[in-house]
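The primary structure of each chain is shown beneath.
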Amino acid sequence: MQSRIPNWILWTVIALALVGFTDSAFLLAKRISGAPIPCFITSGCDTVSKSPYSVLFGVPLSAWGVIFYLGIGFLTLLYMDTKNLLVGNSLLLQQHLDSYPRILHLHSKFKIGAFCIYCILSAIVSTALFVLGITIYRKIKE
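Thresholds applied
- In this convention, every chain numbers its residues from 1, walking through the sequence in written order.
- Predicted model: local features are reported for residues with pLDDT of at least 70 only, side-chain atom pairs are reported and counted for 80 or more only, and whole-chain, interface and lining totals are derived from all residues.
- For the side-chain quantities, the full set of heavy atoms in the structure was used; hydrogens and water were omitted.
- To get an axis, a line is fitted to the C-alpha atoms, and for a helix only the part in contact is used. The angle between two axes follows their N-to-C directions and goes from 0 to 180 degrees.
- The helix count covers DSSP runs of H or I at least four residues long, the strand count covers runs of E at least two residues long, and both are numbered beginning at the N terminus.
- Crossing handedness: left-handed means the near helix sits turned counterclockwise from the far one by under a right angle, and right-handed means the same turn made clockwise.
- Between two residues, a contact is recorded if the distance between any of their heavy atoms is within 4.5 Å.
- The term nonpolar core refers to a set of buried residues drawn from Ala, Val, Leu, Ile, Met, Phe, Trp, Tyr and Cys, joined through side-chain atoms within 4.5 Å.
- Throughout this description, buried means an accessible area under 20% of the type-specific maximum (1.4 Å probe, protein chains only), exposed means over 50%, and partly exposed covers the range between.
- Given a helix with a known number of residues, its expected span is that number minus one, times 1.5 Å.
- In this description, a disulfide is simply a cysteine sulfur pair whose atoms lie within 2.5 Å.

(A) The packing of helix H3 (residues 61-82) against helix H6 (residues 117-141), seen in detail. Between H3 and H6, the shortest axis-to-axis distance is 13 Å and the interhelical angle comes to 30 degrees. Seen from above, H3 lies across H6 with left-handed handedness. Residue-level contacts link Phe68, Tyr69 and Ile72 of H3 to Ser122, Val125, Ser126 and Leu129 of H6.

Written out as structure tokens, the structure is:
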């Protein structure tokens, strides 16, 4: 079966998932070790990381990020291998579920009063994945 999704889109999703995974794994390692997060450009990485908004259902957002980005990468590779539309639709669903980092970014501005460059990076990556998800959705529906 011929893929309905261009390869450049799929490879971009994989690259973004790798960036997001690396970012989230770094933050998770810092959280587990208790080491301070080196912050450049912004100065509130530890403030954001230690805020009550950095946990969802008792699990750090960075752990959710690791799972999310691994899932996106795995599903993309699986779709590239199988061209299965069910896998493609699962990929879309997972991309649309990742809105919490963008919400945390808004909380950082208005409730926490600090910014974390790593959180901003994750928000950018997940937003780019969301936009690519819309593109993938349109290609699957064609």
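(B) Structural context of the nonpolar core. Counting 17 residues, the largest nonpolar core has Ile5, Ile9, Val13, Ile72, Leu129 and Ile136 as its most contacted members. For this core, the secondary-structure elements that each account for two or more residues are helix H1 (7-33), H3 and H6. Examining the composition of this core, we find that 6 residues originate from one element, H1, more than from any other. With near-sequence residues (within four places) excluded, isoleucine 5 lies in contact with Leu10, Tyr79, Ile136, Lys139 and Ile140. Grouped together as the second largest cluster of nonpolar side chains are 10 residues, Leu27, Ile37, Ile112 and Ala114 included.

(C) Broad picture of H3. Taking 1.5 Å of rise per residue, 22 residues should cover 32 Å, and H3 covers 31 Å from first to last C-alpha, within 8% of that figure. Note on H3: the residue one or two positions beyond its end, lysine 83, has a positive phi of about 60 degrees.

(D) Summary view of the state of the cysteines. Taken as a whole and assessed by the stated rule, the structure comprises 0 disulfides. Among the cysteines around cysteine 116, which has no disulfide bond, cysteine 119 carries the closest sulfur, lying 3.4 Å off. For cysteine 116, a relative accessible area of 2% gives the class buried.

(E) Representation of the environment of valine 125 within the structure. As for its placement among the helices and strands, valine 125 is situated in helix H6. In this structure valine 125 touches Leu16, Val19, Gly20 and Tyr69, once residues within four positions along its chain are discounted.

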